[in-house]
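Coordinate analysis (summary)
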Amino acid sequence: MERIMDKPLIGVVMCHTVKDGHPTWVLHQKYLDAIMDVGGVVTALPHRPGLGETISHRTLPLLDGLLLPGSPSNIEPWRYNVSGEESESDPGRDELALTLIPQALKLRLPLLAICRGMQELVVAAGGTLNRQLPSEQVLHYADTDAPLAEQYAPAHPVQLMADGQLARLLGGARSLQVNSLHKQGIKDAGPRLQAEATAADGVIEAVSIPDHPFAIGVQWHPEWRYQDSDASSRLFEAFINACHHYRKEKRL
Ligand SMILES: N[C@@H](CCC(=O)NCCCC(=O)O)C(=O)O
């Protein structure tokens, strides 16, 4: 039987919002359930502008993995050298995520980045975002008034790169139907990232850092009813396996 101390500890970056006038931390339970179901334990990472570096340095040594979840908020465009205002921002999250990611990459700490999280991985790795994806060829954004099951239903296919990390991890799959709840997306993945999946309009929908044990970002939401999808289950299991491995190596 697995001992308590053998379970990998996964840090999950929180989202900040204002609810009924109260500054509030939010995180959909589905992200935490997926991690705990496959054998991890989670610790929430709230943040504050100005404290990103400190939080990063104090928490990373304790972690065996990092999950960057989705969020309705957007990364402020100045973070990738684009001018303009961002009305749906979460500056503390930008700061923490963009501090944690380079350090996690250096430590070879496993990292799974979902939707906004994948966009953070792109920006941290020197890439840029398209702030408003076109929707003529592929509809990337679901109607937020629709029932959740409809919003998170498979929306379009992505082609997986042959011999890519993701394709390998998904048992050699060549394509995948994915849900789609993002208005922004990758414009230029930058020099460090490997494209792992692409939508029919050419938008890169999944990336990885080559030569890293597990640094994968997906633009879709594998955590949504992950048990019903072989691909999503495999992704979370592979992530936790990498976290187990990291933990073991760290303790040697
Ligand atoms: N705001 C960004 C990122 C989109 C995103 O992360 N959506 C998540 C929706 C809520 C969830 O299920 O966690 C964009 O619009 O591109």
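Residues numbered from 1 in each chain as written. Predicted model: local features only at pLDDT ≥ 70, side-chain atom pairs only at ≥ 80, totals over all residues.

1. Re the overall build of the chain
- A count of helices and strands for the chain gives 7 helices and 13 strands.
- Taken against the 2.2 N^0.38 rule, which gives 18 Å for 252 residues, the C-alpha radius of gyration of the chain at 17 Å falls within 12% of a compact globule.
- Taken along its principal axes, the extent of the C-alpha atoms in the chain is 50 × 45 × 40 Å.
- The burial tally for the chain puts 41% of its 252 residues in the buried class.
- Long-range contacts, defined here as pairs at least 24 residues apart, represent 69% of the contacts in the chain between residues at least 6 apart. (Helix = DSSP H or I, 4+ residues; strand = E, 2+ residues; numbered from the N terminus. Rg over C-alpha atoms; globule rule 2.2 N^0.38 Å. Buried ≥ 20, exposed ≤ 12 C-beta atoms within 10 Å, placed from the backbone. Contact = placed C-beta atoms within 7 Å.)

2. Describing the pairing of strand β6 (residues 111-114)
- Across the two faces of β6 the burial is the same, with L111 and A113 and L112 and I114 all buried.
- Inspection of the sheet shows strand β5 (residues 65-68) paired to β6 by 3 bridges, in the parallel sense. When the bridges of β6 are listed, L68 appears paired with A113.
- Chirality of the crossover, the property in question, places the unit of β5, helix α3 (residues 91-107) and β6 among those that are right-handed.
- By the bridge criterion, 4 bridges tie β6 to strand β13 (residues 215-218) in an arrangement that is parallel. Considered in β13, the bridge of I114 is made with V218. (Pairing = 2+ DSSP bridges. Right-handed = clockwise from strand over helix to strand, strands pointing away.)

3. Here we look at the sheet that holds strand β12 (residues 204-208)
- Spatial ordering of the open sheet is given by β4-β1-β5-β6-β13-β12-β11-β8-β9, a layout of 9 strands whose pairing is mixed. Both outer strands of the open sheet, β4 (41-45) and β9 (175-178), are each paired with one neighbouring strand and no more. In this sheet, adjacent strand axes meet at a mean angle of 20° when their direction is disregarded.
- Direction of pairing for strand β11 (residues 194-199) relative to β12: antiparallel, over a ladder of 4 bridges. The residue bridging A195 from the neighbouring strand is V207, located in β12.
- The strands touched by helix α1 (residues 29-37) are β1 (9-13), β4 and β5; relative to β4, the strand with the most contacts, the crossing angle is about 150°. (Axes fitted to C-alpha atoms, helices over the stretch in contact; angles between N-to-C directions.)

4. Looking at α1
- Residues Y31, A34 and I35 constitute the buried set of α1. Viewed along the axis of α1, the buried residues span an arc of 95°, placing them on a single side of the element.
- Taken together, the buried residues of α1 touch β1, β4, β5 and α7 (230-251).
- Looking at the residues trailing α1, positive phi occurs at G39, about 110°. (Arc of directions from axis to C-beta.)

5. Here's the deal with the environment of I4
- Within the fold, I4 resides in the segment before β1.
- Judged by the 6 C-beta atoms lying within 10 Å of it, I4 falls in the exposed class.
- Separated by 110 residues in the primary sequence, I4 and I114 have C-alpha atoms spaced 27 Å apart.

6. Here's the deal with α3
- Across its 17 residues, α3 extends 24 Å between first and last C-alpha, which sits within 8% of the 24 Å expected from 1.5 Å per residue.
- Those residues of α3 that sit buried are G92, R93, D94, E95, L96, A97, T99, L100, I101 and A104.
- Trailing α3 by a residue or two, R108 shows a phi angle of about 65°, which is positive. (Expected span 1.5 Å × (residues − 1).)

7. A few points about unusual backbone geometry
- Non-glycine residue N81 carries a positive phi angle of around 65°.
- Examined against the element boundaries, N81 turns out to sit in the loop between β5 and α3.
- Phi at D211 is positive, roughly 65°, even though this residue is not glycine.
- Looking at where D211 falls in the secondary structure, it is placed in the loop between β12 and β13.

8. Some remarks on the site of the ligand
- The environment of the ligand is made up of 14 residues, and the closest members are G70, C115, R116, H182 and Q184.
- Split into classes, the residues belonging to the shell around the ligand amount to 4 nonpolar, 8 polar and 2 charged. (Near = placed C-beta within 6 Å. Nonpolar A, V, L, I, M, F, W, Y, C, P; charged D, E, K, R; others polar.)

9. Observations concerning the environment of G117
- Tracing the chain through its elements places G117 in helix α4 (residues 116-124).
- For G117, a count of 26 C-beta atoms within 10 Å translates into the label buried.
- Separated by 20 residues in the primary sequence, G117 and A97 have C-alpha atoms spaced 8.1 Å apart.
- Every residue in contact with G117, bar those within four places of it in the chain, is listed here: L68, P69, G70 and G217.

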